[in-house]
Amino acid sequence: MPREEVINAIRSEIESRNLPQEAGDRILAFIKQAESSEFPNRDREEQLALILDALPSLEAEQGDSEL
Amino acid sequence: MKIELLGWKSEGLRSPDIEVKLEKSDGSVARVSLLQMPNGTGKTTTLNCLRAAMDGSAETWPEDKVKSYREIHGKRDLGLFVATLRVNDTQKIIVEMTFHFNEGVVTYKTIVGSKTVDNYSPPPDVRRYLDPRFSKLLFFDGELANNLIDGKGTTSASQIIDTFYGLYHLFELKENARRSYELYEKRSGPAKGAAQLTKLISRRDSLREKSQKLRQQAESNETHLQEFRHEHTRIEVELEEHLLKSGQFKEEENRAHEERDQASSRLEVAFHDVDLIFPDPFAIWPPLAARVHDLVESLDRLKLTEQSSRLFLEELVEEPVCVCDRPMDSAARASILKRADQTLEDAVNGYLKSLKRQVQPYAKDGPSTFGEAVDRIVAADNDLTEAGKSLENIRTRAVAAGDDVSQKKKDALEKIRGEIEALEDSVENARRPTRTGDDERCGCIDYFEKRLKEAENDLARLSGTRDLKHRTDTLIQVIDSAYKQAHSLLKDDVVKRANVRLRQILRYNPVQISDIGNSVQLEGRGGASVGQTLAVGYVFLAGLLYEGGNQFPLVVDSPVGSLDDEARKELGGLIPILVKQMVGFVIATERKWFVDPLADASDGDLLYLTHLRINEYTKEIIADLGGNKRSGSENGILLEGRDAFMALGEGMDETT
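What comes next concerns the included structure. Residue positions are counted from 1 within each chain, in the order its sequence is given. Lettering for chains starts from A, numbering for ligands starts from 1, and both go in the order in which the items are written. In keeping with the predicted nature of the model, local features appear solely for residues at pLDDT of at least 70, side-chain atom pairs appear and are counted solely at 80 or more, and the whole-chain, interface and lining totals rest on all residues.

### Some details on the overall build of chain A
Secondary structure elements are defined from DSSP: runs of H or I of at least 4 residues count as helices, runs of E of at least 2 residues count as strands, and each element is numbered from the N terminus. The helix and strand tally for chain A stands at four helices and zero strands. Listing each helix as α and each strand as β along chain A from the N terminus yields α-α-α-α. Here a residue counts as buried when 20 or more other C-beta atoms fall within 10 Å of its C-beta, as exposed when 12 or fewer do, and as partly exposed in between; the C-beta atoms come from the backbone. Expressed as a percentage of its 67 residues, the buried residues of chain A come to 27%. By the convention adopted here, residues are in contact when the distance between their C-beta atoms, placed from the backbone, does not exceed 7 Å. A fraction of 52% describes how many contacts in chain A between residues 6 or more apart in sequence connect residues 24 or more apart.

Here it is in structure tokens:
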């Protein structure tokens, strides 16, 4: 498991930027698997794609800022 | 996680065939194991093999390197190195490395309990701690601890914190995201604009490289700057002490010091005044007060405010309902008109009078409060410079009337001042914001980062990957900020714990850590002895190695190699307090001043081993050395016992 300090830092950054909690969960899942040392490149790419999917799109962000 | 090194065995390698067991008869390992290996016994070979057995790195060794491990004039085609570890007191892990000298490759075998795997494969929970980034910290030469303090080593103290707490995984994710985006960007480029895309990619890469180089250069310059400043202070103190010995200039110098201190206090007070003045715009710019004053005068004359408000009230009384929703009857109308006179006169006049009072002190032609404060800063700064010059002048005269030592120190100070000024200019130029006229010949980091951002945005537009770039940038920003937060918290905790430990073990003369950056920074660095400095390095490392119930072996090559007698004694008394298992590779000349304090501090939990290569000379002395033979072969022998360990002549290092 990532250190408590890392978990809290990620969660607090996600919250302060109003990003979806899911993105934080996926970032932590990536780090957890990286720590286990069995993390082939293909899995890394897949997990990275999941993280990016969970982050807001450019369109959504621009829409928000226009409101 | 608890990992112990139980021993190792080598055959057919450059080092003699030998088996080293660190386990005692009760199955535990000694707190300290000292292995005396005279030059030529294969100390470096053994250390490199141990490291490779732990982290699996020999799989990628080049052919030449593998072949270089073959015994000199050896006929065997295979070599073997076996390391045995114990995890959490129960699980044994045996890593076997077979050297195929003809092919120039090393193959691994891993045995965990009854299971054997034909490659490097420690259990995943252990493997994390055997990762090269981590395990390299368990194998170090005696200078690492010192390097941690002076920041001259290849591994920075800050990086070590990242390694121990796994913060580097955050960088891995960031790097994955960046690489993955760039790959996608490259593939997504329009066929028509392929050449332009290639050009932009090349520009982005070159800007990134330049920006990284400048950043590294600035960091390195900052480290040097800090070192030069410490050195300058040290020599300055030495010079003063030297000059004051004569007493001739003592009084004059004390007076100059006093003047300098007073000027410094005045400067501080003046800066404080400016801080207080800043929130008051009239004080900063008196013409503003004059203009506001004129405005108030005009308003007073025109009665504009009053008239518009009166108009509002006069219109209000004509309405059927008041603004407060009550019906407007004749009594209410009369009351509003009656009070309007009084209230408006009081409120408007009162406000204008108050504003006038506020701006009055500034509106006259007198000097501005802000200007006065700035003048005081300039005056105090001039006094400070003058006092500095006086001190310099006294020193120059003292040096002229003094000896060669003073002159040399003064020359050294001048030289260092030159270096400091050059480095300050360079760092300032690298860290400043971009300014007009900057171009790609400048050394400003901000300039190159801005150009890099532009190039990245251009690329994203051309390749149609703006959305992915936006998400990738968001992820990178989250990771960067989270890293800063987590690193800072963990670092503060490490500093706090290390300082408590330092107060305990250096009770009579404690040094304290002020911060951890590229190096471990000490409070009042000038006063720390070599022994104290080393103690800080060991406390820092040991604090991490044993945090939260973890325990790892510390394998140290030449723990006291270049230290003087005092530092050896101090370190010998400290190591057993700080570590749970230390395996030290020493040569005979390192024993003096080190082994006895080490033995005392470890309460006898110390294993003395002496490893010799068998040759014509050693054959003759082995019998005289005594000791118990723990292992032996045609070309090597391992003796156990303090007597044999201490009896080996220092000349052995030249004769073997």
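Text resumes after the structure shown.
### Some remarks on the interface of chain A and chain B
It is common to give the size of an interface as the accessible area lost on bringing the parts into contact. Contacts between the two partners involve 27 residues from chain A and, on the opposite side, 28 residues from chain B. Mapped by element, the contributors of at least two residues to the side of chain A that touches chain B are helix H1 (4–16), helix H2 (21–35), helix H3 (41–54) and helix H4 (58–66) of chain A. Ranked by residue count, the leading element in the side of chain A that touches chain B is H1(A), at seven residues. Grouping the constituent residues of the side of chain A that touches chain B by class yields 14 nonpolar, four polar and nine charged. The residue classification treats Ala, Val, Leu, Ile, Met, Phe, Trp, Tyr, Cys and Pro as nonpolar and Asp, Glu, Lys and Arg as charged. All others, Gly included, are polar.

### Observations concerning the nonpolar core
Residue and element names in this part refer to chain B. Under the definition applied here, buried Ala, Val, Leu, Ile, Met, Phe, Trp, Tyr and Cys residues are grouped into a nonpolar core through C-beta atoms within 7 Å. Counting residues in hydrophobic clusters, the biggest one holds 116 residues, and the most contacted among them are Ala53, Met97, Ala482, Val536, Tyr538, Val539 and Ile575. Broken down by element, this core gets its largest block of residues, 12 residues, from helix H17 (residues 466–505). Counting 11 residues, the second largest nonpolar core, distinct from the first, contains Ala256, Ala270, Ala373 and Ala387.

### Observations regarding the environment of Ser158(B)
Residues and elements named next belong to chain B. Mapping Ser158 onto the fold places it in helix H6 (residues 157–164). Sequence separation of Ser158 and Asp515 is 357 residues, and the distance between their C-alpha atoms is 9.9 Å. Discounting residues that sit within four places of it in the chain, Ser158 has contacts with Ile516, Gly517 and Asn518.

### Some words on H3(A)
Expected span of a helix: the number of residues minus one, times 1.5 Å. Over its 14 residues, H3(A) runs 20 Å from end to end, which matches the ideal 20 Å to within 8%, given 1.5 Å per residue. Taken together, the buried positions of H3(A) are Gln47(A), Leu48(A), Ile51(A) and Leu52(A). One side of H3(A) carries all its buried residues, which in axial view fall inside an arc of 140°. Summarising the geometry of H3(A), the exposed residues directed more than 90 degrees from the buried face are Arg42(A), Glu46(A), Ala49(A) and Asp53(A). Considering only its buried residues, H3(A) is in contact with H2 of chain A together with helix H7 (168–188) and H17 of chain B. Comment: arc refers to directions from the helix axis out to C-beta atoms.

### A word on helix H9 (residues 250–277) of chain B
Taking 1.5 Å of rise per residue, the 28 residues of H9(B) would be expected to cover 40 Å, and the 41 Å separating its terminal C-alpha atoms lies within 8% of that figure. For H9(B), the complete set of buried residues consists of Ala256(B), Ala263(B) and Ala270(B).

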